[in-house]
Amino acid sequence: CATDLPAAWRLKLEIPPARKALTFTSPSSLDLYLKCPFTYCLRKTFGEQKDDRAEELDPSEFGNLAHDALERWGAGALKDSEDPDAIAAELAGAVDALLGERFGTSVPVLVALQGESVKRRLACFAKIQAARHAEGWRMVAAERKLQIVYGHTTVKGRCDRIDYNAQTDEWCVVDYKTFDNPDRAVWLDRKKNEWKSLQLPLYCAMLDAD
C-alpha cells in the first residue's frame, strides 16, 4: 500500500475519472482504489504480473482455488446437502481435481500444503453451510452476472452466490473470502458509519435493479 512506501514515491493521484469518463468498472476495482489508489494506478497501467513457473500460489490464486472448488460444489448434486462431512468431502475432491488439472501429478510441495489449507477452510464452510440449510436457506444462483448504472458509469460484477429463505422471505447475497483473520471480513465501520468495502452493498443494489 502507498502508506508503506517512502514519501518520494507517493503521487497526487487524480480521482477517476478526472481525465476521461469512466464508462465501466467493477466492485473489486472500486475496493482496490479505496484501499490504495497507488496500487490501483499501477495495476490499471501495467496490469497483473503472473509467473506460471511459481512454486507457490499467490494470495489471489489461493483464493481462486477455494472459489473454484465452491463453484463446482454449487453446480453439483450436493449443493442442497445437510451433511457437513459429505459437503467437505465433495469440496476436498474438487480441490484435488483443480490442482491435478493445473499441475498434473507433480504438484509442488508448497502448493500441496496450500491445498490442504484450503480444504481445512472449506471443511469449516461445510459446517456453516449445513447449518444454514437447516435454517431454510437455499442457493438459487451462483456466479450471477449483475450490473447497475450510475450516471455514465456501468458497474458490472459477478456475484458468488444468492440465497433465498422461503420461511422468512429473505434474500442473502454471499461473497466468498479466504481471509486468515475474521476481522478483515468486517466491511462496515459502525463507529464511523462508513463502508470499508463496497462489494456487498453494490451486489445488493445490482440484485435489486436486476
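About the criteria used
Residues numbered from 1 in each chain as written. Predicted model: local features only at pLDDT ≥ 70, side-chain atom pairs only at ≥ 80, totals over all residues. Heavy atoms only, no water. Helix = DSSP H or I, 4+ residues; strand = E, 2+ residues; numbered from the N terminus. Buried < 20%, exposed > 50% of the residue type's maximum accessible area, 1.4 Å probe, protein only. Contact = heavy atoms within 4.5 Å. Areas by Shrake-Rupley, 256 points an atom, 1.4 Å probe, with all protein chains shown as cover. Pairing = 2+ DSSP bridges. Expected span 1.5 Å × (residues − 1). Phe/Tyr/Trp six-rings, centres within 6.5 Å; stacked < 30°, edge-to-face > 60°. Salt bridge = Lys/Arg side-chain N within 4 Å of Asp/Glu carboxyl O. Patch = residues over 30% accessible without salt bridge, like charges linked within 9 Å, V, L, I, M, F, W, Y side chains within 5 Å.

Asks: So what exactly am I meant to see when it comes to the overall build of the protein chain here?
Replies: Secondary structure summary: the protein chain contains six helices and six strands in total. Listed by position from the N terminus, the elements making up the protein chain come as β-α-α-α-α-α-β-β-β-β-β-α. A total of 210 residues make up the protein chain; the buried ones form 33% of that total. Counting contacts in the protein chain only where the partners sit at least 6 residues apart, residues at least 24 apart contribute 64% of the total. When the accessible surface of the protein chain is totalled, it reaches about 13,800 Å², and 53% of it is carbon and sulfur.

Asks: Is there a simple way to explain the pairing of strand 3 (residues 153-165) in this structure?
Replies: Each regular strand displays side chains that alternate between the two surfaces of the sheet. Burial analysis of strand 3 places ten of its 13 residues in the buried class, which makes it a mostly covered element. Looking at chain direction, strand 1 (residues 24-25) and strand 3 are connected through two bridges and run parallel. Across the sheet, residue phenylalanine 24 finds its bridge partner in strand 3, namely threonine 154. Of the strand pairs in this sheet, strand 2 (residues 137-150) and strand 3 are connected by twelve bridges, and their pairing is antiparallel. When the sheet's bridge partners are listed, isoleucine 148 is paired in strand 3 with valine 155. Between strand 2 and strand 3, which pair antiparallel and follow one another directly, the connecting turn spans two residues, one of which, glycine 151, has a positive phi of 65°. Looking at chain direction, strand 3 and strand 4 (residues 170-174) are connected through five bridges and run antiparallel. Bridge pairing links tyrosine 164 to tryptophan 171 in strand 4.

Asks: So what exactly am I meant to see when it comes to unusual backbone geometry here?
Replies: Across the chain, the bulk of peptide bonds are trans and the bulk of non-glycine residues have phi less than zero. The backbone phi angle of aspartate 169 is positive, close to 55°, even though this residue is not glycine. Mapping aspartate 169 onto the fold places it in the loop between strand 3 and strand 4. The phi angle at asparagine 193 is positive, at roughly 55°, despite the residue not being glycine. Looking at the secondary structure, you find asparagine 193 in the loop between strand 5 (188-189) and strand 6 (194-195). The exposure class of asparagine 193 is exposed, given its relative accessible area of 61%.

Asks: Where do I start with the side chain of threonine 154 in this structure?
Replies: Within the fold, threonine 154 resides in strand 3. In contact with threonine 154, other than residues within four places in its own chain, are Thr23, Phe24, Thr25, Gln147, Ile148 and Val149.

Asks: Would you explain helix 5 (residues 109-134) in this entry?
Replies: Within an α-helix, residues lying three or four positions from one another point in the same direction, as the helix has 3.6 residues per turn. If you check helix 5, its first and last C-alpha atoms are 38 Å apart, about what 26 residues at 1.5 Å a residue would give, namely 38 Å. Just beyond helix 5, the residue with positive phi is glycine 136, at close to 105°.

Asks: Where do I start with the packing of aromatic side chains in this structure?
Replies: Given two aromatic rings, their pairing is described by the distance between the two centres and the angle made by the two planes. Here the structure, examined in full by the defined rule, presents three aromatic pairs. Plain terms: the ring middles of tryptophan 73 and phenylalanine 125 are 5.4 Å apart, the flat faces sit at 85° to each other, and that makes the pair edge-to-face. Placement of the pair is tryptophan 73 in helix 3 (residues 59-74) and phenylalanine 125 in helix 5, with a sequence separation of 52 residues. Given a relative accessible area of 1%, tryptophan 73 falls into the buried group.

Asks: Explanation requested: the pattern of salt bridges in the structure shown.
Replies: Pairing is possible between side chains of opposite charge, provided their charged atoms come close. For the structure shown, the criterion picks out ten salt bridges. A salt bridge links arginine 102 to glutamate 61; its shortest N-O distance comes to 3.3 Å. Taken as a pair, arginine 102 in helix 4 (residues 84-103) and glutamate 61 in helix 3 lie far apart in primary sequence, 41 residues in all. According to the relative accessible area criterion, glutamate 61 is partly exposed, its value standing at 22%. Each of Asp96, Glu116 and Lys119 takes part in one network of salt bridges that share partners.

Asks: Any chance you could explain a nonpolar patch on the surface here in plain terms?
Replies: Residues Val109, Leu110 and Leu113 make up a contiguous nonpolar surface patch of about 300 Å² in total accessible area. Here leucine 110 falls in the partly exposed class, since its relative accessible area comes to 43%.

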